[in-house]
Amino acid sequence: MQSLPTLPQRSLLERVSLGLAIGLMVIGGLTLAGWWLQMDTLLRPFPNQAALKANAALAFLAIGLALLALELGKRTFSPVAILATIIGLLSLIQDVTNADLRIDQFLVRDHLLIGNEFPGRMSAMIAAGLVLGSLVLVWCAHYRGAQARLFAEAVVGSILASAGLSTLLGYGAGLPAVYTWGTATATSPMAAIALGL
């Protein structure tokens, strides 16, 4: 009797990558649900700290979906990360030009005004991280420049993980200058965790 072929086993790194993608999707999805249902416990699991903004949550959800698509071998779906690029770029444009492009409260009305200058606006550091991370993911959809892409993934991943860890350390040490990154808008602890993922 001939044995049935087994499914290929995923390596430890592949399973970790799947877990990170799912983690980003959970953070983004639960945060969006918290905003839509006005459940403050979902929005601020760390009491008296800034909440992850809805547009940033949508961007992290898009990045998680792109990572999941890449991990499952569906490269054609990874350009969903462009949504995070657009959200991040528009937010950065608002910060640099002091313009209001009306994207901050497009999804929900921000009723938690802790640690931010403009209602619904993510911090510039999160916006820059979203742009960097999503551009690398969009690049992953193409087969060209594999070595340069791997280098870019490593560099951007290191920068984002460092920024997330620094933000969390700033909260732990009680140093607002660290978690606000020199601006009037605090980076939420959940955004820092998402950057680390």
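Reading guide: rules and limits
Residues numbered from 1 in each chain as written. Predicted model: local features only at pLDDT ≥ 70, side-chain atom pairs only at ≥ 80, totals over all residues. Heavy atoms only, no water. Axes fitted to C-alpha atoms, helices over the stretch in contact; angles between N-to-C directions. Helix = DSSP H or I, 4+ residues; strand = E, 2+ residues; numbered from the N terminus. Parallel < 35°, antiparallel > 145°, perpendicular 65-115°, else oblique. Left-handed = near helix turned anticlockwise from the far one by under 90°. Contact = heavy atoms within 4.5 Å. Nonpolar A, V, L, I, M, F, W, Y, C, P; charged D, E, K, R; others polar. Patch = residues over 30% accessible without salt bridge, like charges linked within 9 Å, V, L, I, M, F, W, Y side chains within 5 Å. Areas by Shrake-Rupley, 256 points an atom, 1.4 Å probe, with all protein chains shown as cover. Salt bridge = Lys/Arg side-chain N within 4 Å of Asp/Glu carboxyl O. Polar contact = N/O pair within 3.5 Å; in protein donor to acceptor, adjacent residues only side chain to side chain. pLDDT = per-residue confidence, 0-100.

## Overview of the packing of helix 5 (residues 124-140) against helix 6 (residues 146-173)
Relative orientation and spacing of two packed helices are given, respectively, by the angle between their axes and the distance between those axes. Remark: helix 5 packs on helix 6, axes separated minimally by 10 Å, with the N-to-C direction vectors making an angle of 155°. The angle between the axes of helix 5 and helix 6 places the two elements in the roughly antiparallel class. Here the hand of the crossing between helix 5 and helix 6 comes out left-handed. Contacts from M125, G129, L132, G133, V136, W139 and C140 of helix 5 reach helix 6 at A148, R149, A152, E153, V156, L160, A163 and T167. Here the contact of helix 5 with helix 6 is composed, by residue class, of ten nonpolar, three polar and two charged.

## Topic: a nonpolar patch on the surface
There is a patch of nonpolar side chains on the surface, built from W36, L37, M39, F106 and L107 and spanning about 560 Å² of accessible area. Relative to the helices and strands, M39 resides in the loop between helix 1 (12-37) and helix 2 (40-43).

## Re the environment of T85
Its location among the elements puts T85 in helix 4 (residues 82-97). For the pair T85 and S134, spaced 49 residues apart in the sequence, the C-alpha separation amounts to 5.7 Å. The contacts of T85, once residues within four sequence positions are left out, are V131, S134 and L135. Among the polar contacts made by the side chain of T85, one reaches the side chain of S134 at a distance of 2.6 Å.

## Focus: the confidence of the model for the chain
A low pLDDT score tells you not to read the predicted coordinates there in detail. Predicted confidence across the chain gives a mean pLDDT of 84, with 91% of residues reaching 70 or more. Confidence scores differ between elements of the chain, with helix 2 showing the lowest mean pLDDT of 80 and helix 3 (residues 54-71) the highest of 92.

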